[in-house]
Protein chains: 2
Amino acid sequence: MELLQQCIQEKGKVIDGHILKVDRFLNHQVDPMIMKAVGEAFADEFKDKGITKIVTIESSGIAPAVMTGLILNVPVIFARKKQSLTLQDDLLTAEVYSYTKKEANHIYLSGAFLSDKDRVLIIDDFLAKGEAALGLIRLVEQSQADVAGIGIVIEKSFQEGREKLNKLGYHICSLARIASLHENRIEFVNEDKGSVKSSMKNLHGLQ
Amino acid sequence: MELLQQCIQEKGKVIDGHILKVDRFLNHQVDPMIMKAVGEAFADEFKDKGITKIVTIESSGIAPAVMTGLILNVPVIFARKKQSLTLQDDLLTAEVYSYTKKEANHIYLSGAFLSDKDRVLIIDDFLAKGEAALGLIRLVEQSQADVAGIGIVIEKSFQEGREKLNKLGYHICSLARIASLHENRIEFVNEDKGSVKSSMKNLHGLQ
């Protein structure tokens, strides 16, 4: 998605060659226009999949998920990272390991909002090692609903999350695929040529 | 706002005569259509206030804030309840006391996204004792930006938050004002007559 790639390139900041900070438009300050475009892209990708619910995780997944839900005209459920006072009925839970924090945490979802008739689109802001997406898949599957697709705003394609989800056979749509953050430069996967811009550049540099 | 009141009446659930559970459309499952209508109502109320930024707090404030930001065409910043790895520059912080959990917590906002030229609309899902709203006001004021208005989706008018904010002189717009949750029944403030539906009913019952 061209607009999103431009936005990441212009407003994103790479830290230590592996952290991509996108707090100017996605996960602290949110650009509603970009989120609308993201929602339109996901809605277009999954419009024929009979989606009945969207599931995401607080907090950065909420804006893109709600924009997608608006266009597909389906409710959005955001999994919580803490069990709240009012979240107690039919509680579904899954463990998610955070490599950043080096600890396992639970995520929670009320099973009251999903049934075996639901076809769920999972949406999240980032896909890196795949832990959050796998946690959301486990929550949805506990409710007997089907995972009909996975929409990711930014995929770190140099980490193993995408491959893990591919192996499980899910329909995945990542709107921006980062090939490398090496030397704090953002390089995208070149989808058209099935290769990587940065590799091409490196190759070029060797000639 | 008629649509919101209907939605609260039909989908809300009162627990112990004082907790209003709205997790079917606002703070766990989110109804994007209702959020759009909420956004339109806030945008209409504050359209002449020269709003340049919206500030809310994760997680339930995000959906209504982003819908409002989309219509007013301004960025949304959501304050965080935890300090993250990438949220460290120009960090603003305020203490918020939670009466439910009986503990004080900090909320965080990057000062990099606000300046003395900004006119900020604060949006939150609930106003009860006013602690979260006051915390957000303190964050915005630390950045030297102006608080140009406060938009609340559901106000518990029987608690003191509204009065506290009124005394400080802010322009407040609450889309649904709950007069009472007594006996687990939801009664709204009757804005037209400057009185309370439930009081009218009680009065009627005495005749």
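This is a predicted model, so every value here is computed, not measured.

Procedures and definitions
Numbering of residues starts from 1 in every chain and runs along the sequence as written. Lettering for chains starts from A, numbering for ligands starts from 1, and both go in the order in which the items are written. Predicted model: local features are reported for residues with pLDDT of at least 70 only, side-chain atom pairs are reported and counted for 80 or more only, and whole-chain, interface and lining totals are derived from all residues. Side-chain measures were taken over the full set of non-hydrogen atoms in the model, leaving aside hydrogen atoms and water. For the purposes of this section, nonpolar cores are sets of buried Ala, Val, Leu, Ile, Met, Phe, Trp, Tyr and Cys residues that join through side-chain atoms within 4.5 Å. Throughout this description, buried means an accessible area under 20% of the type-specific maximum (1.4 Å probe, protein chains only), exposed means over 50%, and partly exposed covers the range between. For the purposes of this entry, the term helix denotes a DSSP run of H or I that reaches at least four residues, the term strand denotes a run of E that reaches at least two, and both are numbered from the N terminus. Any pair of residues with heavy atoms lying within 4.5 Å of one another is described as a contacting pair. Note on definitions: buried area is the accessible-area loss of two parts on being combined, 1.4 Å probe, summed for both. Every case where a carboxyl oxygen of Asp or Glu lies within 4 Å of a side-chain nitrogen of Lys or Arg is listed as a salt bridge. Polar here means any residue outside two lists: the nonpolar Ala, Val, Leu, Ile, Met, Phe, Trp, Tyr, Cys and Pro, and the charged Asp, Glu, Lys and Arg; Gly therefore counts as polar. Two strands qualify as a pair provided DSSP detects at least 2 bridges between them. The quantity known as pLDDT measures the predictor's confidence residue by residue, on a range of 0 to 100. Any pair of Phe, Tyr and Trp rings, taking the six-membered ring for Trp, is counted once the centres come within 6.5 Å. Such a pair is stacked with planes under 30 degrees apart, edge-to-face with planes over 60 apart, and tilted for the rest. The rule for a charge over a ring is simple: NZ of Lys or CZ of Arg within 6 Å of the ring centre, and within 35 degrees of the ring normal. We superpose the copies by least squares over the C-alpha atoms of residues that have a pLDDT of at least 70 in both of them. Note that patches include only residues with greater than 30% relative accessible area and no salt bridge, and the join distances are 9 Å for like charges and 5 Å for nonpolar side chains (Val, Leu, Ile, Met, Phe, Trp, Tyr). Note on areas: Shrake-Rupley, 1.4 Å probe, and residue coverage restricted to the protein chains presented here. The convention is simple: Lys and Arg are positive, Asp and Glu are negative, and His and the chain ends are not counted. A single reference atom marks each charge: NZ on Lys, CZ on Arg, CG on Asp, CD on Glu. Take the residue count of a helix, subtract one, and multiply by 1.5 Å to get its expected span. We define a polar contact as two N or O atoms separated by no more than 3.5 Å, with the added condition that, inside protein, one atom must be a possible hydrogen donor and the other a possible acceptor, whereas residues neighbouring each other in sequence contribute only through side-chain atom pairs.

1. A closer look at the nonpolar core
So, point 1. If you look at the biggest cluster of nonpolar residues, it comprises 77 residues, and the most contacted ones within it are Leu4, Ile8 and Leu20 of chain A together with Leu4, Ile8, Leu20 and Ile154 of chain B.
So, point 2. Examining the composition of this core, we find that 7 residues originate from one element, helix H3 (residues 62-72) of chain A, more than from any other.
So, point 3. Filtering out sequence-adjacent residues up to four positions away, Leu4 of chain B remains in contact with Phe25, Ile34, Val38, Val153, Leu175 and Ala176 of chain B.

2. Re the interface of chain A and chain B
By a frequent convention, interface size equals the accessible area lost on bringing the separate parts together.
So, point 1. Listed per partner, the contact involves 41 residues of chain A and 41 residues of chain B.
So, point 2. In this assembly, chain A packs against chain B so that about 3300 Å² is buried in total across both faces, 66% of it on carbon and sulfur atoms.
So, point 3. It is His28, Gln29 and Leu70 of chain A in chain A that bury the most area against chain B; as a group they hold 21% of the surface buried on that side.
So, point 4. In this structure, the connection of chain A to chain B is made through 0 salt bridges.
So, point 5. Sorting the residues of the side of chain A that touches chain B by element identifies strand E1 (13-15), strand E2 (19-21), strand E3 (29-30), helix H2 (32-46), H3, strand E5 (76-79) and strand E7 (103-110) of chain A as the ones contributing at least two each.
So, point 6. No other element matches the 6 residues that H3 of chain A contributes to the side of chain A that touches chain B.
So, point 7. A per-class count over the side of chain A that touches chain B returns 22 nonpolar, 10 polar and 9 charged.
So, point 8. For E5 of chain A and strand E3 (residues 29-30) of chain B, the ladder comprises 2 bridges, and the chain directions are antiparallel. For Ile77 of chain A, the partnering residue across the bridge sits in E3 of chain B and is Gln29 of chain B.

3. Regarding the confidence of the model for chain A
So, point 1. For chain A, per-residue confidence averages 91 on the pLDDT scale, and residues scoring 70 or more make up 92% of the total.
So, point 2. Low pLDDT (under 50) marks residues 194-207 of chain A, which in the prediction has 15 contacts with non-local residues, meaning those over four places away or in another chain.

4. Some thoughts on the packing of aromatic side chains
Ring pairs (aromatic) are described by centroid distance and by the angle formed between their planes.
So, point 1. Enumeration according to the criterion identifies 2 aromatic pairs over all chains in this entry.
So, point 2. Both rings, one in Tyr97 of chain A and one in Tyr99 of chain A, keep their centres 5.0 Å apart while their planes meet at 85 degrees; by these two values the pair is edge-to-face.
So, point 3. Against the face of Tyr99 of chain B rests Lys129 of chain B, its NZ or CZ located 4.3 Å from the ring centre.

5. So, the relation of the copies chain A and chain B
A rotation about some axis, followed by a shift along it, carries one copy of the chain onto the other.
So, point 1. Mapping chain A onto chain B calls for a rotation angle of 180 degrees and an axial translation of 0.0 Å; the resulting RMSD is 0.0 Å. Here the symmetry operator amounts to a two-fold rotation axis. When C-alpha distances to the rotation axis are compared across chain A, the minimum falls at Ser59 of chain A, with a value of 2.8 Å.
So, point 2. A shared interface surface links the copies, since 100% of the contact residues of chain A are contact residues in chain B too.

6. Digging into a positive patch on the surface
So, point 1. Taken together, the side chains of Lys81, Lys82 and Lys101 of chain A together with Lys81, Lys82 and Lys101 of chain B define a basic patch exposed on the protein surface.
So, point 2. With respect to the secondary-structure elements, Lys81 of chain A resides in the loop between E5 and strand E6 (91-98).

7. Overview of the side chain of Asp124 of chain B
All names here are of chain B.
So, point 1. Among the secondary structure elements, Asp124 is positioned in strand E8 (residues 119-127).
So, point 2. Despite its burial, Asp124 remains without a salt bridge, the nearest opposite charge being carried by Lys81 at 7.5 Å.
So, point 3. Here Asp124 is in contact with Thr56, Ile57, Gly61, Ala132, Gly151, Ile152 and Val153, once residues within four sequence places are set aside.

8. Focus on the pairing of strand E10 (residues 172-180) of chain A
Residue and element names in this part refer to chain A.
So, point 1. The buried fraction of E10 amounts to 9 of the 9 residues, a majority that puts the element mostly inside the structure.
So, point 2. Where strand E9 (residues 146-156) meets E10, 6 bridges bridge the pair, whose relative direction is parallel. By the bridge assignment for E10, Ile150 is matched with Ile172.
So, point 3. The hairpin formed by E10 and strand E11 (residues 187-190) contains 6 residues between the paired strands, and Glu183 there has a positive phi angle of roughly 55 degrees.

9. Describing H2 of chain A
Residues and elements named next belong to chain A.
So, point 1. Taking 1.5 Å of rise per residue, the 15 residues of H2 would be expected to cover 21 Å, and the 21 Å separating its terminal C-alpha atoms lies within 8% of that figure.
So, point 2. Every buried residue of H2 is listed here: Pro32, Ile34, Met35, Ala37, Val38, Gly39, Phe42, Ala43 and Phe46.
So, point 3. Two or three places before Met33, at the opening of H2, Asp31 has a side-chain oxygen 2.9 Å from that residue's backbone nitrogen.

10. So, the pattern of salt bridges
All names here are of chain A.
So, point 1. The full count for this structure, using the stated rule, is 20 salt bridges over all chains.
So, point 2. One salt bridge in this structure joins Glu155 and Arg162, with 2.7 Å as the shortest N-O distance. Exposure class is identical for Glu155 and Arg162. Each is buried.
So, point 3. Because the salt bridges share partners, they merge into one network encompassing Glu155, Arg162 and Arg177.

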